[in-house]
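Listed here are the chains, written in short residue letters.
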Amino acid sequence: MSIWAIVPAAGRGTRVGSALPKQYLTLAGRSILEHTLSALLSHELIAGAMVAIAADDVDFPSSLTSLCGKPIVTCVGGETRAHSVLNALRASSCTHAVVHDAARPLLSADDLSAVIAAGVSSSTGALLASPVADTLKLSSDSSHVVRTVDRSSLWRALTPQVFERDALIAALDSALFAGASVTDEASAMEFVGVSPLLVEGRADNIKVTTPGDLAMAEFILAQRS
Ligand code: CTP
Ligand code: MG
């Protein structure tokens with residue numbers, strides 16, 4: 001068995017709104033991408049990281065070729081996150097892929113261990129997820145409530161998501177070819193009839209998406225250290 005981290009980092013971060021793509025913004029002295037890679041490569045079972053970056057990326061540091069004594073390799077990403085993940089999977093040669101957003105720098109060691117353990121031991125693969133905490137409303141016209149939705153079986157999908165590499169490539173290929181909406185790896189596996197295992201993870205494994213998330217991430221990091 002060989003496990004690699006697959007890190008989609010080919011987005012622009014348009015919602016954060018900075019000129020620099022968000023994965024290169026600094027958080028507590030290190031880029032978001034470095035925080036993310038360091039969290040992943042600190043795990044004893046992860047042998048290396050394949051990072052999908054934009055074709056016109058000029059910000060990936062050429063010095064970032066290894067961390068924790070493990071290789072960091074880049075490949076060119078694609079039009080959507082799913083295409084970037086697919087390119088990175090094809091460029092790697094592992095048995096299992098731990099797919100994790102570059103923009104989630106707060107992954108904890110415990111959550112990473114739990115999702116890897118579940119993902120490699122289950123034929124369905126596994127993903128970190130967090131139970132929905134808010135009361136959910138269904139709207140008709142995006143301004144008026146139709147009704148309250150039962151949240152008892154609803155989860156927010158996080159990353160990492162851990163799958164057998166070849167199975168995930170096949171699933172992403174099928175789902176993308178069919179034009180299905182593929183916003184995470186699990187949705188591609190679901191498309192081919194697999195029910196991935198939900199592993200409850202910390203709600204503070206946030207994806208830096210808006211400017212406010214940067215301040216939140218700084219705060220969470222400071223609390224942890
Ligand atoms: N990503 C990618 N390739 C794309 C689009 C996104 O590798 N074509 C990556 C991003 O770099 C990020 C992760 O997928 O690490 C999650 O996507 P998201 O949070 O949407 O990041 P961006 O697409 O960069 O942000 P935005 O949607 O605000 O532009
Ligand atoms: Mg995006």
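Now for a quick tour of the structure. (Residues numbered from 1 in each chain as written. Chains lettered and ligands numbered in written order. Predicted model: local features only at pLDDT ≥ 70, side-chain atom pairs only at ≥ 80, totals over all residues. Heavy atoms only, no water.)

1. Section: the overall build of the protein chain
When helices and strands are counted, the protein chain shows six helices and twelve strands. Each of the three principal axes of the protein chain carries a C-alpha extent, and together these read 55 × 40 × 35 Å. The 225 residues of the protein chain split such that 47% are buried. Counting only contacts in the protein chain whose residues sit at least 6 apart along the sequence, the fraction spanning at least 24 positions is 69%. Surface accessibility of the protein chain: about 10,700 Å² in total, with carbon and sulfur atoms responsible for 54%. Averaging the locations of the 16 positively and 22 negatively charged side chains of the protein chain gives two centres separated by 3 Å. (Helix = DSSP H or I, 4+ residues; strand = E, 2+ residues; numbered from the N terminus. Buried < 20%, exposed > 50% of the residue type's maximum accessible area, 1.4 Å probe, protein only. Contact = heavy atoms within 4.5 Å. Areas by Shrake-Rupley, 256 points an atom, 1.4 Å probe, with all protein chains shown as cover. Lys, Arg positive; Asp, Glu negative; His and termini not counted. Charge placed at Lys NZ, Arg CZ, Asp CG, Glu CD.)

2. Focus on the pairing of strand β1 (residues 3–9)
Counting buried residues in β1 gives seven out of seven residues, a clear majority hidden from the surface. Of the two faces of β1, both are covered, the one formed by I3, A5, V7 and A9 as well as the one formed by W4, I6 and P8. Direction of pairing for β1 relative to strand β4 (residues 46–53): parallel, over a ladder of seven bridges. Residue pairing across strands places W4 opposite G48, the latter belonging to β4. Sheet analysis places β1 next to strand β7 (residues 96–99), joined by four bridges and oriented parallel. Within β7, the residue paired with I3 across the bridge is H96. (Pairing = 2+ DSSP bridges.)

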